[in-house]
Amino acid sequence: MFLKKTLVCCTFCLFIDIAAARPIEILINGDFETGDLTGWSQLLPSAPSIEWGVTSGAAIGSYSLASSDGTRFASPWVEGPNPSVTTLFQIVDLNALQIDLTNTFTFGAEAIFAEDKISLGYQLFDSNQQLLFTNTLFSGSGGASPNTTRISQSFSFVTGTQYISFFATGELLSGSYIDSGFDQASILAHLKPQASVTSPKYVNFLLLSLVLFLNIRQLRKTKGSIS
C-alpha cells in the first residue's frame, strides 16, 4: 500500500512541476551601463540645440545620465537663452510578450535633481500608437545640491495596450543647464507561470518506485504460488 501511495505521489509531482515566472526587464539600458544612450530617444524643442550624455560621475551604478560637457551631474546640456523642456523616452512593443503577460508591471527609477525640475512617468498606447493613459509618478526640484528619490510602483495596463513608454522630462528653472536627470530606470513585466521541464530527480524517483512496486508484487505472487 505504501508503494502504491508513493507511486501516485511521484506521478502527481511529475505533472504539477510548475516554474514560477520571474519578471523580466523590458527597458533597454535603463541604467546607462553601456556608457551611452543606446535604446533611448529624445523629444527636443526646435531651438536651442540640446545634447544628452552619460557620465561615470554622480551615478548609482557605473554610469548615469549627464550633461554632454560633463560639468553637470545629470541631464541635458542646453545652449542658448530661455531653453524649454526636453524629454528622454523609450517605447516598448508588447506584442511579442502579449500571451505571457499577467497584466502587471512594476515601474521604477531614481530621480536625480538639483535646481531644476525632473518628471518621471509612463504612458500606455494602443496598436495604432494612440495614447490610452499617462501617469507622472514623480515630479520635483531641489536646492543647490543634488537630491535623489527612488520611486517604484506597480500598475496594470488598460484594455488595448500594445506599447509602454517610459518618459523623463527635464525643465530648466534657472541658469543655462537643465540640472536634473535619472538613473536605474526600470519597467518589469510580470509573466504567467510556465510548465517547467520535469526535474531528473522526479523521473528517477518515479522509475525507482515503479521497479520496487513491480518487484514486491512479483514476490507476493511467488509466495502465493508456493503456499
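Values in this document were obtained by computation on a predicted structure and should not be read as measured data.

Calculation rules
Residues numbered from 1 in each chain as written. Predicted model: local features only at pLDDT ≥ 70, side-chain atom pairs only at ≥ 80, totals over all residues. Heavy atoms only, no water. Salt bridge = Lys/Arg side-chain N within 4 Å of Asp/Glu carboxyl O. Helix = DSSP H or I, 4+ residues; strand = E, 2+ residues; numbered from the N terminus. Buried < 20%, exposed > 50% of the residue type's maximum accessible area, 1.4 Å probe, protein only. Phe/Tyr/Trp six-rings, centres within 6.5 Å; stacked < 30°, edge-to-face > 60°. Pairing = 2+ DSSP bridges.

(A) Expanded view of the pattern of salt bridges. Under the counting rule described, the total for this entry stands at 1 salt bridge. A salt bridge links Arg-150 to Glu-110, with the nearest nitrogen and oxygen atoms 4.0 Å apart. In this pair, Arg-150 is assigned in strand S11 (residues 147–156) and Glu-110 in strand S8 (residues 101–113), connecting sequence segments 40 residues apart. Among the residues examined, Arg-150 registers a relative accessible area of 48% and is labelled partly exposed. The exposure class of Glu-110 is buried, given its relative accessible area of 14%.

(B) Representation of the packing of aromatic side chains. Scanning the model with the defined rule gives 12 aromatic pairs in all. Seen in terms of ring centroids, Phe-166 and Phe-182 are 5.1 Å apart; in terms of plane orientation they differ by 45 degrees. Their pairing is tilted. Taken together, the residues span a long stretch of sequence, with Phe-166 in strand S12 (residues 163–171) and Phe-182 in strand S13 (residues 180–191) at a distance of 16 residues. You can call Phe-182 buried: its relative accessible area is 1%. Ring pairing ties together the aromatic residues Phe-32, Trp-40, Phe-105, Phe-107, Tyr-122, Phe-133, Phe-155, Phe-157, Phe-166 and Phe-182, which thus form one cluster.

(C) Representation of the pairing of strand S7 (residues 86–93) within the structure. Bridging between strand S3 (residues 41–43) and S7 involves 3 bridges; their strand directions are antiparallel. Counterpart to Ser-41 in the pairing with S7 is Phe-89. As defined by bridge partners, S7 adjoins S12 across 8 bridges and the pair is classed as antiparallel. Within S12, the position partnered with Ile-91 by the bridge is Ser-165.

(D) Geometry of the sheet that holds S8. Spatially, S2-S13-S8-S11 is the arrangement adopted by the 4 strands of the open sheet, whose pairing is antiparallel. With one partner strand each, in any of the chains shown, strand S2 (24–25) and S11 form the two edges of the open sheet. Pairing of S8 with S13, which is carried by 9 bridges, proceeds in the antiparallel orientation. Across the sheet, the residue bridging to Phe-105 is Ala-189, located in S13.

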